[in-house]
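Each chain, letter by letter, is given below.
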Amino acid sequence: MATLILDRAQLEVRTEGDALAIFEAGARGGTVPLRLLDRVVLQGGQTRLDSGVLLRLAEAGVAMLLLSPRVSRRVAVVLGPMHNDAAVRLAQSRRVFDAAFCTRWARDLVLAKIRRQLRLLTRALGERPDARKTLGEATAGLAAAVDRLCAGVESIETIRGIEGSAARAHFQGFSALVPSSLGFTGRNRRPPRDPVNACLSLAYTLLHFDAVRAAHIAGLDPLLGFYHRPSFGRESLASDLIEPLRPIVDGWVWGLLRSR
């Protein structure tokens, strides 16, 4: 299954049977069968489509993500029909108030995330001997965080503190992997202030969109998280689900930068 990205000016999308037809500056550029699509990402306000296209996408179970033209910030998500089993959402709601479950869930998520961060920087140690000092300090910090989580934690607040210290160590090491000319000295956002953070922010946004979509398909409420507590306007469960996947995104972005 594929992602269709619409990010150029003068595009128009129409439906033709079971396919989308793409026009650019009035000229027909080709078609994309709906059965091949998982998602459509639309960036910018210059692509034209009508409500019939949105309806066909929803009927086919193809989700759409609308991004701001300036900073790749999510503006809206269009999903297909809801899952019909209300019992799934009721069970999820009960778990939100189960403190012991939420603590175990949070510990497992953060432990998986930090272990992946550690694997990424350990691999980088073998490929970047010139950055051995910085990477060595970062991996030592991550290993200490893993040990603390494995020793047992009693609260989500403690887990958040461990995750925060691990994130600082991880991005300190990550900064040694990218050219200094890109101006990356650590994580920043809203808006990202350098090309590396721009890549990370966009990739995390796309990953979060997939987590919202996956929760929706499974009949779960994306707003009801266990580690990221429910908060107004935040899809907390989706934020939970992507935590262990963030280091995979970091490694992917590093690969893009290495290959220019």
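If you're wondering where the values come from, they're calculated on a predicted model, not measured in any experiment.

A. Seen up close, the overall build of the protein. A tally of helices and strands in the protein yields eight helices and seven strands. Overall size of the protein, expressed as C-alpha extent along the three principal axes, is 55 × 50 × 25 Å. Expressed as a percentage of its 260 residues, the buried residues of the protein come to 42%. Residue pairs in contact within the protein that sit at least 24 positions apart in sequence constitute 60% of those at least 6 positions apart. Within the structure as shown, the protein displays about 13800 Å² of accessible surface, and the carbon and sulfur contribution to it stands at 55%. Separation of charge centres in the protein, based on 36 positive and 25 negative side chains, amounts to 4 Å.

B. The arrangement of the pattern of salt bridges in detail. Taken as a whole and assessed by the stated rule, the structure comprises 17 salt bridges. With a closest N to O distance of 3.4 Å, arginine 56 and glutamate 59 form a salt bridge. Here the residue arginine 56 and the residue glutamate 59 both occupy positions in helix H1 (residues 51-59), the gap between them amounting to three residues, near one helical turn. For arginine 56, a relative accessible area of 21% translates into the label partly exposed.

C. Fine view of the sheet that holds strand E2 (residues 11-16). Spatially, three strands are ordered E2-E3-E4 in an open sheet, and the strand pairing comes out antiparallel. Of all the strands in the sheet, just E2 and strand E4 (27-33) have a single pairing partner and so form its edges. Going from strand to strand, the sheet's axes swing by 25° on average, the running direction of each strand aside. Strands E2 and strand E3 (19-24) of the sheet are contacted by H1, whose axis makes an angle of about 60° with E2.

D. Spatial organisation of helix H6 (residues 195-218). Spanning 24 residues, H6 covers 35 Å between terminal C-alpha atoms, matching the ideal 34 Å at 1.5 Å per step. Capping the start of H6 is the job of one residue whose side-chain oxygen sits 3.1 Å from the backbone nitrogen of valine 196: aspartate 194. Within two residues after H6, glycine 219 carries a phi angle of roughly 85°, on the positive side.

E. Representation of the sheet that holds strand E6 (residues 63-67). Within the open sheet, the four strands sit side by side as E1-E5-E6-E7. Their pairing is mixed. The sheet terminates laterally at strand E1 (2-6) and strand E7 (74-78), the two strands that pair on one side only. Taking the axes of each pair of neighbouring strands and ignoring which way they run, one obtains an average angle of 15° across the sheet. For E1 and strand E5 (residues 37-43), the ladder comprises five bridges, and the chain directions are parallel. Bridge pairing in E5 places alanine 2 opposite leucine 37.

F. Looking closely at the nonpolar core. The biggest cluster of nonpolar side chains holds 48 residues, and the ones touching the most others in it are Ile114, Leu149 and Phe174. Of all elements in the fold, only helix H3 (99-127), helix H4 (132-150), helix H5 (156-175), H6, helix H7 (236-242) and helix H8 (246-258) reach the threshold of two or more residues within this core. Ranked by residue count, the leading element in this core is H3, at eleven residues. If sequence neighbours within four positions are ignored, phenylalanine 174 has contacts with Leu121, Phe184, Val196, Asp250 and Trp254. Of all hydrophobic cores here, the second largest spans 14 residues; its members include Leu4, Leu20, Leu37 and Met64.

About the criteria used
Residues numbered from 1 in each chain as written. Predicted model: local features only at pLDDT ≥ 70, side-chain atom pairs only at ≥ 80, totals over all residues. Heavy atoms only, no water. Helix = DSSP H or I, 4+ residues; strand = E, 2+ residues; numbered from the N terminus. Buried < 20%, exposed > 50% of the residue type's maximum accessible area, 1.4 Å probe, protein only. Contact = heavy atoms within 4.5 Å. Areas by Shrake-Rupley, 256 points an atom, 1.4 Å probe, with all protein chains shown as cover. Lys, Arg positive; Asp, Glu negative; His and termini not counted. Charge placed at Lys NZ, Arg CZ, Asp CG, Glu CD. Salt bridge = Lys/Arg side-chain N within 4 Å of Asp/Glu carboxyl O. Pairing = 2+ DSSP bridges. Axes fitted to C-alpha atoms, helices over the stretch in contact; angles between N-to-C directions. Expected span 1.5 Å × (residues − 1). Polar contact = N/O pair within 3.5 Å; in protein donor to acceptor, adjacent residues only side chain to side chain. Core = buried A, V, L, I, M, F, W, Y, C linked by side-chain atoms within 4.5 Å.

By themselves, these figures tell us nothing about what the structure is for.
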